[in-house]
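Listed below, chain by chain, are the residues.
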Amino acid sequence: MRAVLRTVDRVLTGLVGLVLLALGGAVLAVGFDLPAPSWWVHQGPHDVLLSTAERTRWRDAGWWWPVVIAALAVLLLLALWWLVAVLRRRRLTEVLVDTGDGEAATVRGRALEGVLAGEADRVDGVERAAVRLTGRRDAPKTRVRLLLAPHVDPGTALHDLTTGALTHARDSAGLPSLPAEVQLRGVKHHAERVS
């Protein structure tokens, strides 16, 4: 289902981009006094967007401008909803756990994130850890952000995280693998004065 949504999203983005590119190209052509496309409503750089006749055509109809404003507001809300849907990263709500007897149980995603973050916080030199589960419920993936103390070797912290917290989470959930994307950042600190 996500592949279909991703394809639809890409097709819609491409179509909107092509339409905006064609409109922008036509406006630039008219603005630089180049020959405008035959379908474009304005033919010269001094042509106005709405003539006096076009602006006053619906002046007596009290319904016209509220309808135009409402339609534009709906288009704006739909565009914002689409943007939020595209930018939002899906958080995994539950993970399927193999119980070993042919049945499966579920673990809440936030609970597993909390346990992973708590164990990652206990790694030597980690000031703060944040964990987010993504992917599918039968094949989760993790995104881990670690804030490291200045004295910590990032390679050692990463090794401790993978052999500790991530391995424990994978084994306890009975997962064949638990891919992780780890982002390491250092704590900002002032230079120490040497005397």
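Everything below is about the structure printed above this text.
So, here is what we can say about the structure in this document.

Rules behind the numbers
Residues numbered from 1 in each chain as written. Predicted model: local features only at pLDDT ≥ 70, side-chain atom pairs only at ≥ 80, totals over all residues. Heavy atoms only, no water. Pairing = 2+ DSSP bridges. Helix = DSSP H or I, 4+ residues; strand = E, 2+ residues; numbered from the N terminus. Axes fitted to C-alpha atoms, helices over the stretch in contact; angles between N-to-C directions. Contact = heavy atoms within 4.5 Å.

### What to know about the sheet that holds strand 3 (residues 126–136)
- Read from one edge of the open sheet, 3 strands run 3-4-5, paired in mixed fashion. Of all strands in the sheet, those bounded by a partner on one side alone are strand 3 and strand 5 (180–186). When the angles between neighbouring strand axes are averaged without regard to direction, this sheet yields 15 degrees.
- Taken together, the 7 bridges between strand 4 (residues 139–148) and strand 5 define a ladder with parallel strand orientation. Opposite Leu-146, over in strand 5, you have Leu-184 as the bridge partner.
- Sheet strands in contact with helix 4 (residues 109–121) are strand 3 and strand 4, and its direction is about 150 degrees off that of strand 3.
- Contacts between helix 5 (residues 154–173) and the sheet are confined to strand 4 and strand 5, with strand 4 contributing the most and set at about 140 degrees to the helix.

### A look at the environment of Gln-183
- Looking at the element boundaries, Gln-183 is found in strand 5.
- Sequence separation between Gln-183 and Leu-146 is 37 residues; the distance between their C-alpha atoms is 6.2 Å.
- Ignoring sequence-local partners within four residues, the contact set of Gln-183 consists of Val-144, Arg-145 and Leu-146.

Function-wise, these values are silent; they only describe arrangement.
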